[in-house]
Amino acid sequence: MTKEIKKRRMERKPGRRMDTISGYLLVAPNLIGFLVFTLFGIGFSLVMAFTDWNLVRGYEEANFVGLKNFKDMLTDPYLKACLINNAKLLLVLPIQLFLAAVLASLMNKAVYGKAGARAMYFLPYVTNIVAIATIWEALFHKTKGPVNALLMVLGISESALPGWLSSSQWALLAVAIVLLWKDLGYSILMYSGALQQIPQELYEAAEVDGAGVVAKFLHITIPQLAPMTFMLTILGVVSSLQMWGFVQVITNGGPGTSTYTLGLYIYRSSFITNRTGYACALAWLLTVLVLTFAIFRWRVERKFSVE
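Residues numbered from 1 in each chain as written. Predicted model: local features only at pLDDT ≥ 70, side-chain atom pairs only at ≥ 80, totals over all residues. Heavy atoms only, no water.

Looking at helix α8 (residues 171-195)
Item 1. Taking 1.5 Å per residue as the helical rise, α8 with its 25 residues ought to reach 36 Å, and the 36 Å between its terminal C-alpha atoms agrees with that figure.
Item 2. The sharpest bend along α8 reaches about 35 degrees and sits at Asp183. (Helix = DSSP H or I, 4+ residues; strand = E, 2+ residues; numbered from the N terminus. Expected span 1.5 Å × (residues − 1). Bend = angle between axes of the 7 residues up to and from the residue.)

Here it is, written out as structure tokens:
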């Protein structure tokens with residue numbers, strides 16, 4: 001009996017070996033792409049973060065400078081402005097997620113035309129970023145923009161109108177408003193899917209206990225959406241820190257450094273001022289910030305997660 005089992009195993013080995021080889025061949029293109037374009041890039045940027053690499057001169061002329069790039073960050077006024085602006089922009093995220101949860105809950109009910117409403121909310125998220133920036137730049141025009149025209153109708157004097165994109169005091173708020181409008185639809189779509197997974201028995205039991213609409217939303221919907229909120233929070237933080245294309249088109253970081261972001265500063269350091277080694281160091285600072293926030297948020301999620 002033992003000899004027969006061994007014989008069968010020996011007969012199966014060539015077939016299993018071919019299955020294994022076939023499996024590796026199927027994943028080989030993606031694996032090679034990951035190794036060349038991702039893993040190699042990560043390692044290369046880490047090495048170059050300790051050099052004075054200039055993109056114009058080429059990496060052959062790069063000189064090892066140790067921790068100089070990281071030390072320069074401590075006294076870099078542009079980096080300080082970027083981090084402050086990014087921190088302010090992150091305040092938009094909880095507002096966006098709360099509004100998305102409310103709107104998704106409303107559209108989850110038997111509302112006429114809710115499919116069209118979801119598509120309308122999602123449309124800004126997939127619209128070309130240059131087109132969005134151009135339209136909002138016109139809307140926020142200080143003297144001819146519809147936004148200030150509406151404020152004048154509401155009774156605000158012309159001298160008290162916000163300068164929006166042309167003012168260092170209002171530019172970042174204008175960018176935050178556009179980002180809130182742009183990303184709201186994606187959060188609504190994700191929350192709409194998560195709402196379908198909440199057991200209706202929870203709402204029925206709450207109604208028996210006399211809970212109202214607000215109580216059910218705060219004590220059932222919000223806790224049950226916690227896993228999706230965790231994911232959207234991480235994606236929102238990463239997107240906010242990496243953002244540069246939209247800001248470059250609509251304000252180019254100005255006026256002054258009022259709308260400078262870390263992503264834009266990394267881009268400008270690498271391709272405008274040719275401080276590519278410093279840009280690599282900034283990219284690793286971005287990585288550390290994202291990982292730190294993700295770990296912190298994950299621990300909070302584990303502590304307060306719904307069992």
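Comments concerning the pattern of salt bridges
Item 1. Summed over all chains, the structure comprises 3 salt bridges.
Item 2. With a closest N to O distance of 2.9 Å, Lys68 and Asp72 form a salt bridge. Taken together, the residues span about one helical turn, with Lys68 and Asp72 both in helix α2 (residues 68-73) at a distance of 4 residues.
Item 3. Looking at Asp72, the relative accessible area reads 23%, which means it is partly exposed. (Salt bridge = Lys/Arg side-chain N within 4 Å of Asp/Glu carboxyl O. Buried < 20%, exposed > 50% of the residue type's maximum accessible area, 1.4 Å probe, protein only.)

Section: the packing of aromatic side chains
Item 1. Counted by the stated rule, this structure contains 16 aromatic pairs.
Item 2. A ring pair is formed by Phe50 and Phe70, whose centres lie 5.4 Å apart and whose planes are at 45 degrees; its orientation type is tilted. In this pair, Phe50 sits in the loop between α1 (2-48) and α2 while Phe70 sits in helix α2, placing the two residues 20 residues apart along the sequence.
Item 3. Classification of Phe50 by relative accessible area gives partly exposed; the value is 25%. (Phe/Tyr/Trp six-rings, centres within 6.5 Å; stacked < 30°, edge-to-face > 60°.)

Regarding the packing of helix α3 (residues 77-90) against α8
Item 1. The N-to-C vectors of α3 and α8 enclose an angle of 45 degrees; their axes lie 10 Å apart at closest approach. One element, α3, and the other, α8, form an angle in the oblique class. The two elements α3 and α8 cross, and the hand of that crossing is right-handed. For the pair formed by α3 and α8, the contact residues are Asn85, Lys88 and Leu89 on the first element and Leu172, Val175, Ala176 and Leu179 on the second.
Item 2. Class assignment for the residues of the contact of α3 with α8 results in 5 nonpolar, 1 polar and 1 charged. (Axes fitted to C-alpha atoms, helices over the stretch in contact; angles between N-to-C directions. Parallel < 35°, antiparallel > 145°, perpendicular 65-115°, else oblique. Left-handed = near helix turned anticlockwise from the far one by under 90°. Contact = heavy atoms within 4.5 Å. Nonpolar A, V, L, I, M, F, W, Y, C, P; charged D, E, K, R; others polar.)

Looking at a nonpolar patch on the surface
Item 1. Together, Leu31, Ile32, Phe34, Leu35, Val36, Phe37 and Leu39 make up a nonpolar patch on the protein surface, roughly 700 Å² of accessible area in all.
Item 2. Take Leu31: it is sitting in helix α1.
Item 3. According to the relative accessible area criterion, Leu31 is partly exposed, its value standing at 45%. (Patch = residues over 30% accessible without salt bridge, like charges linked within 9 Å, V, L, I, M, F, W, Y side chains within 5 Å. Areas by Shrake-Rupley, 256 points an atom, 1.4 Å probe, with all protein chains shown as cover.)

Some remarks on the layout of surface pockets
Item 1. For the largest pocket, the calculated volume is near 450 Å³.
Item 2. Counting residues per element, the ones that place at least two in the lining of the largest pocket are α4 (92-108), α8 and α11 (226-242).
Item 3. In terms of residues, the lining of the largest pocket owes the most to one element, α8, which gives 6 residues.
Item 4. Among the residues forming the lining of the largest pocket, the class breakdown is 13 nonpolar, 6 polar and 2 charged. (1 Å grid on protein atoms, 1.4 Å probe; cavity = no way out; pocket = protein on both sides within 12 Å on 5 of 7 lines; lining within 4 Å. Points joined across faces, edges and corners; volume = space filled by probe spheres on them.)

Structural notes on helix α10 (residues 213-224)
Item 1. The end-to-end C-alpha separation of α10 is 15 Å, in line with the 16 Å expected for 12 residues at 1.5 Å each.
Item 2. Every buried residue of α10 is accounted for by Lys216, Phe217, Ile220 and Thr221. Viewed along the axis of α10, the buried residues span an arc of 120 degrees, placing them on a single side of the element. Facing away from the buried side of α10 by over 90 degrees, the exposed positions are Val214 and His219.
Item 3. Contacts made by the buried residues of α10 are with α4, α8 and α9 (200-208). (Arc of directions from axis to C-beta.)

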